[in-house]
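# Results of the structural survey
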Amino acid sequence: MDKARTVEVGSKSSSRATTRTLGLLLFASGSAALIFQMLWIKQLSLVVGIDVYAITTAVSAFFAGLALGSAWFGRKADRTERPLLLYGLLELGIGLGGIGTTIALGHAAGLFVMLREHAGVVAWAFPFLLIGIPALLMGGTLPVLIRAQAPQTGEVARTGGVLYAANTAGAIGGALLAAFVLIRLMGVRGTGFTAASINFVLAVVAALMARTSLRPRATGPARANRMSSEARLGLVLYAIAGAIALGYEVVWSQIVVQFTSTRTFSFSVVLATYLAGLTIGSALYAGWSHHARGDWSLFGFLIAAAGLITLLEIAGLGNWLMLLQARAEAMVRAGIGSELLAMCARFLVAALGIVFVPTILLGAAFPAALRLIAGPSRVGHDVGAVVALNTAGGVAGTIVTGFLLIPRLGLVHTLGVLAIAAASLGFFAVIRGPGVERRTSWLLLAMTAGAVFTAAYIPEDRVVRLLPKARSGGVLVFFDEDPGGTVAVTEQRASNASFRRLYIDGVSNSGDAMPSLRYMRMQALLPLIVHRSDPRSALVVGFGTGITTGALLQFPGLEQRVCAELLKGVVHAAPLFQGNFGAASDARIDIRLRDGRQELLRSTERYDLITLEPPPPSAAGVVNLYSRNFYQLARSRLKTNGIFAQWWPLATQNDEDSRSLVRSFLDVFPYCSLWTTEIHEMLLVGSPQPLELNVPRIVARFGQPEVAAAFQEVGINSPAALLATWVTGRGGLERYAKGAPPVTDDRPRIEYANWLRRGEFARVLPMVLALQTDPPLSGADEPFRRALAEERGRLLDFYAAALFAYRGDRERWEEAVKRVLSEDGNNPYFRWFIGVPRE
C-alpha cells in the first residue's frame, strides 16, 4: 500500500512539474500572440481605415482563425503520438506566418482599396486570409499542449485551467510589452520580428522536449467515445456564453475609455486588466476543482453572476471612482515621479472598478466548462471544441453587439440585454443540468430577476452624465453612441461667457470658445488667402465642431468643399456649436463619413487646399494622420500650387514629440512655414511650390465681406494682423527639428510618447517664438510694414502676459495685461482671455 501510494504521489508530482513546464511554453506563446494581435489591429487601421465596422470585420478574422485552429488541431492532437512535436511545428508556422502578415499588411493599403473599388465585399478576403492563417495556427496551441499533458479522469478541468491561465497571463505581458516597450523602441516591423523570435525559440524547445518525453497514446476517432448529450449541451451553452462575454468587452471598451483616455497606453492597461481577471479566475478554479461539487450549478452561477455584477457596477458608478483615480494618480506621482505611470494608475483604477470582478468569474467558467464537456480519452478534440465554439460565439457576439445592439440601444441598455441573457443562460444551465438542487434554481431565478430590475433602473445616459460635471462643471446637452465612439457635448462657462465643448470617448476634442473659433477659422481661411493661385477646391480632414469646415463657406471663390469625418454623431452635434455657419446642413459641403486617410487613398481627386484638424496625435490611431507616409499621400492629392495645412497642438505634447512631427512635415514638403493661430496652437503650411505672400492679393482677398467678418469676430481686424501670425519659414523649422527622428507608419513614436510633462507648454512656446523671422512679403508698402510690426508687437505682448499667468507671476501678468488692453482694448480674442466682457 505504501509503495502504491508513493508511486501515486510521485506520478502526481511529475504530472504537476510537466504542467508547469507546458504552462511556461503557453505563457510565452500567449505573449507572442498578443504582440502580433496588437500589431495587426494597428496595421489594419492603415489598411482599411479607422472605421469601427471595418476594423471589427477584419479583426474577426483573428478570432475565426483561433476558432478553426482550436477545432482542427484539437482533433489532430488526439490522433498523434507526438503532440509536443506538433506544438513545435505550430509555433514555427506562427512565427513565419506572423512575420509574413506583418510585412504584407505594411504594404496592403493601396491593394485593398483597389480590390474594394473593383470587387466590393470580396476585398475583405484579403486581410481576412492574411490574419486568419497565422491565427489558425495560434488556435491549436492550447488544445495540443493540454493533450500533451494527457490528463486523467477528473484532471482535465485542473490541467486546462492551469494552462489556460498561463496562456492568458502571457497575453497580459504581450499587451503591455507591445504598448510600453516594443513598438516605441523597435517600431512595427521590429516588434513583429521580436514576437516571431519568441515563436521560433518555443519551436526549438518543443522539438527538444519531444525527443525525451513519453508519448501519450493516440486515441483515434473511436465512435464508442462520442460526446454525451450533456456534454453537447454544455458546449452549446458555453458558445453562447462566449458571445455574451465578447459583447461585454465591446461595451466595456467604450465605457471604460470615458474614465481613462484615448491613449494606446490606456487601452493596454484595460486589456491587461481584462486578461488578468480571466487568468486569476481560471487559476482559482484549477486550484479548487478537486473540491467542486455541482458542476452544472457552478457553471450556471459563474455565467449569471458575471452579468449581474457587471450591471451592478455600472449602476453604482459615481464620483467615488474619479476620486479614487485622482488619489491613485497622486500617490504614484509622489512616489515614483513618473507622469506616464501616474496616468496608468488612473487607468488601472477604472479598469478594476468596471471589468475586473466579472472577468474573474468568466475566467473560472472556462475550466468549469471543461469539467462538463471534456473526457480524458478525447482531450484534444473536446478542448479544441470548447475553445473553438466559445471563440466563434465571441465573433458573433462582437458583430451583433457592435452592429446591432449599440446603435439601437446605446451602451447601458446593451449591457442590460447582455446581462439578462447571461442570467437566463445560467438559469437554463441549472434547470437542465443533472442533479441540480431546487434552491440553486431559485437562486439563479432571483439573479435573473435582479438583472432585469437593474437593467430597467439604469438610465441610458448613466455614464455620460457623470463626466461633464466632474471634469469641468459643465452640463450635458447632447450625446450619441455608436460602435465608433461616444460623442457628447457639454455647456460650461469661462471668462464671463458660456461655450460648448465636444467630447469623444470622454476626451475633450474642441469647442466653440473664442480661442477655438480663432484657430479653426484660421485653419481654413489663412491658407486660402495666402494661396499663390485662385483656390477652387478644399478638403478638411476632421469635422469636429464644424468651425473649420464652415469657414470654407465664407471664401467665395471655392467651388468644391469636402470634409472627411469618421463619426456621424460628430456631424449630428454640429448645430449645437456657434460659429460654424451651419456647415452640417449646407448643401455646398460634401461630408463623407470615412477615415481621412482612406478618403485620400480611395479618391484620386486633387485639391487646392488640404487642411487637417484631427484629434491630437497621441490618441490611439490618430498618428496615422501625422506620419511622413501620410504627408506623402496627401502631397500626391494636391494640385500643382496646392497647399497642405497641418494643425500642430503645441500644448498637448512634449517638445521632442513636436520636433518629430515637424521633421516628418519637412521631409515631404520642400516649402514650409509656421503660423501661430492661437496661443496654444500652431499651423504648419507646406507646398510643393514656393509660398508667395503677395500683399495686394492678400489685401483683396481679406477685403471680401464674408472673409473680413469671419476674421474680425476672432480678433483679426486687418491683413496686417493676419500676417502678424507668421512665425518662421523652412529655415527656422529646420533649426527646431534638427536631429529629431521623423514619425512614420513603421515608427509611430508620437502615439507611444511619454505623458505631457508639467509646465512643458510654458517652456516650449518661447522656444518656438524665438524662431521668429520676418515674413517674405512682396508688394508691401511702408505703411503696411509698419502696421504689420505694430500688430506683431501686440500679439507678442499678449503671449507674454499669458506666459506670466502660466508661471504664476501675477504681478507681471497684471502689468502685461494693462499694456495689451491699452494697445488693443476692443480685441475680442484678448478680452476673452483676460476676462473682460465685450462692450
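Residues numbered from 1 in each chain as written. Predicted model: local features only at pLDDT ≥ 70, side-chain atom pairs only at ≥ 80, totals over all residues. Heavy atoms only, no water.

Another point: the overall build of the chain. If you tally the helices and strands in the chain, you get 29 helices and 14 strands. In terms of overall dimensions, the chain is globule-like: its C-alpha atoms have a radius of gyration of 30 Å, near the 28 Å expected for 839 residues. Along the first, second and third principal axes, the C-alpha set of the chain runs to 110 × 50 × 50 Å. Counting over 839 residues, the chain shows a buried share of 61%. Contacts spanning at least 24 positions in sequence make up 79% of the contacts within the chain whose residues lie at least 6 apart. When the accessible surface of the chain is totalled, it reaches about 32000 Å², and 60% of it is carbon and sulfur. Side-chain charges in the chain split into 78 positive and 61 negative, and the spacing between the mean points of these groups amounts to 9 Å. (Helix = DSSP H or I, 4+ residues; strand = E, 2+ residues; numbered from the N terminus. Rg over C-alpha atoms; globule rule 2.2 N^0.38 Å. Buried < 20%, exposed > 50% of the residue type's maximum accessible area, 1.4 Å probe, protein only. Contact = heavy atoms within 4.5 Å. Areas by Shrake-Rupley, 256 points an atom, 1.4 Å probe, with all protein chains shown as cover. Lys, Arg positive; Asp, Glu negative; His and termini not counted. Charge placed at Lys NZ, Arg CZ, Asp CG, Glu CD.)

At Phe581, a residue that is not glycine, the phi angle is positive and equals roughly 55°. With respect to the element layout, Phe581 can be found in the loop between helix H18 (568-573) and strand E7 (589-593).

Let's shift gears to the side chain of Thr141. Structurally, the position occupied by Thr141 is in helix H6 (residues 141-149). Residue classification places Thr141 among the buried residues on the basis of a relative accessible area of 4%. In terms of polar contacts, Thr141 uses its side chain to reach the backbone carbonyl oxygen of Met138, at 2.8 Å. If near-sequence neighbours (up to four positions away) are discounted, Thr141 is found in contact with Leu26, Ser29, Tyr87, Leu90, Glu91 and Ile94. (Polar contact = N/O pair within 3.5 Å; in protein donor to acceptor, adjacent residues only side chain to side chain.)

How two helices sit against one another is set out by the angle between their axes and by the gap between those axes. It is the contact of helix H27 (residues 782-806) with helix H28 (residues 810-824), at a shortest axis distance of 8 Å, that shows an interaxial angle of 155°. Regarding the angle of H27 to H28, the classification is roughly antiparallel. The two elements H27 and H28 cross, and the hand of that crossing is left-handed. Residues Arg794, Asp797, Phe798, Ala801, Phe804 and Ala805 of H27 pack against Arg812, Trp813, Ala816, Val817, Arg819, Val820, Glu823 and Asp824 of H28. Looking at side-chain class alone, the contact of H27 with H28 contains 8 nonpolar, no polar and 6 charged residues. (Axes fitted to C-alpha atoms, helices over the stretch in contact; angles between N-to-C directions. Parallel < 35°, antiparallel > 145°, perpendicular 65-115°, else oblique. Left-handed = near helix turned anticlockwise from the far one by under 90°. Nonpolar A, V, L, I, M, F, W, Y, C, P; charged D, E, K, R; others polar.)

Looking now at the confidence of the model for the chain. Averaged over all residues, the pLDDT of the chain equals 86, while 91% of them reach at least 70. Low pLDDT (under 50) marks residues 1-13, which in the prediction has 0 contacts with non-local residues, meaning those over four places away or in another chain. Within the model, the stretch residues 220-224 combines pLDDT values under 50 with 3 contacts to residues more than four positions away or in other chains. (pLDDT = per-residue confidence, 0-100.)

To continue, consider the nonpolar core. Counting residues in hydrophobic clusters, the biggest one holds 151 residues, and the most contacted among them are Ile255, Phe259, Phe299 and Ile354. For this core, the element with the most residues is helix H12 (residues 339-373), which contributes 23 residues. The residues contacting Phe299, other than those within four sequence positions of it, are Leu237, Tyr238, Ala365, Ala368, Ala369, Leu372 and Ala429. With 121 residues, the next largest nonpolar core counts Val487, Leu674, Ala724 and Ala780 among its residues. (Core = buried A, V, L, I, M, F, W, Y, C linked by side-chain atoms within 4.5 Å.)

Within the secondary structure, Ala148 is located in helix H6. For Ala148, a relative accessible area of 17% corresponds to the buried category. Separated by 117 residues in sequence, Ala148 and Phe265 place their C-alpha atoms 37 Å apart.

The next thing to look at is the pairing of strand E3 (residues 497-504). Of the strand pairs in this sheet, E3 and strand E4 (residues 507-511) are connected by 4 bridges, and their pairing is antiparallel. Looking at E4, one finds that Leu502 is bridged to Ser510. Here E3 folds back onto E4 in antiparallel fashion, the turn holding 2 residues, of which Asp505 has a positive phi close to 55°. (Pairing = 2+ DSSP bridges.)

What characterises a pair of aromatic rings is the spacing of the ring centres plus the angle enclosed by the ring planes. Applying the stated criterion across every chain, the model contains 34 aromatic pairs. Centroid distance Phe630 to Phe644: 6.4 Å. Interplanar angle 65°. Geometry classified as edge-to-face. Separated by 14 residues along the polypeptide, Phe630 in helix H20 (residues 628-636) and Phe644 in strand E9 (residues 638-649) bring together distant segments of the chain. Like Phe644, Phe630 is buried. With centroids separated by 4.8 Å and ring planes inclined at 25°, the aromatic side chains of Phe798 and Phe830 adopt a geometry described as stacked. A residue pair is termed long-range when its members are at least 10 positions apart, and Phe798 in helix H27 and Phe830 in helix H29 (residues 828-834) qualify at 32 residues. Residue class for Phe798 comes out buried when judged on its relative accessible area of 3%. A network of ring pairs unites the aromatic residues Phe499, Phe798, Tyr799, Tyr829, Phe830, Trp832 and Phe833 as a single cluster. Residue placement shows Arg518 over the ring face of Tyr829; its charged tip is 4.2 Å from the ring centre. Just above the ring of Tyr736 sits the side chain of Arg659; from NZ or CZ to the centre is 4.3 Å. (Phe/Tyr/Trp six-rings, centres within 6.5 Å; stacked < 30°, edge-to-face > 60°. Lys NZ or Arg CZ within 6 Å of the ring centre and 35° of its normal.)

Read from one edge of the open sheet, 8 strands run E7-E6-E5-E8-E9-E11-E10-E13, paired in mixed fashion. The two strands at the open ends of the sheet, each matched to only one other strand, are E7 and strand E13 (726-729). Going from strand to strand, the sheet's axes swing by 20° on average, the running direction of each strand aside. As paired strands, strand E5 (residues 537-541) and strand E6 (residues 560-565) are joined by 5 bridges and run parallel to one another. Residue pairing across strands places Ser537 opposite Gln560, the latter belonging to E6. Helix-sheet contacts for helix H21 (residues 655-668) involve E9, strand E10 (671-678) and strand E11 (681-687), and the interaxial angle to E11 is about 20°.

On the secondary structure map, Glu613 appears in the loop between strand E8 (607-612) and H20. In this structure Glu613 is buried but unpaired, with Arg501 as the nearest side chain of opposite charge at 9.7 Å. Among the polar contacts listed, one links the side chain of Glu613 to the side chain of Thr548, at a separation of 2.6 Å. (Salt bridge = Lys/Arg side-chain N within 4 Å of Asp/Glu carboxyl O.)

Time to look at the pairing of E9. Within E9, 9 of the 12 residues are buried, which leaves the element mostly enclosed by the surrounding structure. Since E8 and E9 lie parallel, the crossover through H20 that links them has a hand, and here it is right-handed. The pairing of E9 with E11 spans 6 bridges and is classified as antiparallel. Note on E11: the bridge partner recorded for Trp647 is Leu683. (Right-handed = clockwise from strand over helix to strand, strands pointing away.)

Let us look at the packing of helix H10 (residues 295-315) against H12. Closest axis-to-axis distance for the H10/H12 pair is 9 Å, and the angle between their directions is 165°. Compared by their axis directions, H10 and H12 come out roughly antiparallel. Considering only the axes of H10 and H12, their crossing is left-handed. A per-class count over the contact of H10 with H12 returns 19 nonpolar, 2 polar and 3 charged.

Attention now goes to the pattern of salt bridges. Under the counting rule described, the total for this entry stands at 32 salt bridges. For the salt bridge of Glu605 with Arg592, the shortest nitrogen-to-oxygen distance reads 2.8 Å. A residue pair is termed long-range when its members are at least 10 positions apart, and Glu605 in the loop between helix H19 (596-602) and E8 and Arg592 in strand E7 qualify at 13 residues. Judged by its relative accessible area of 15%, Arg592 is buried.

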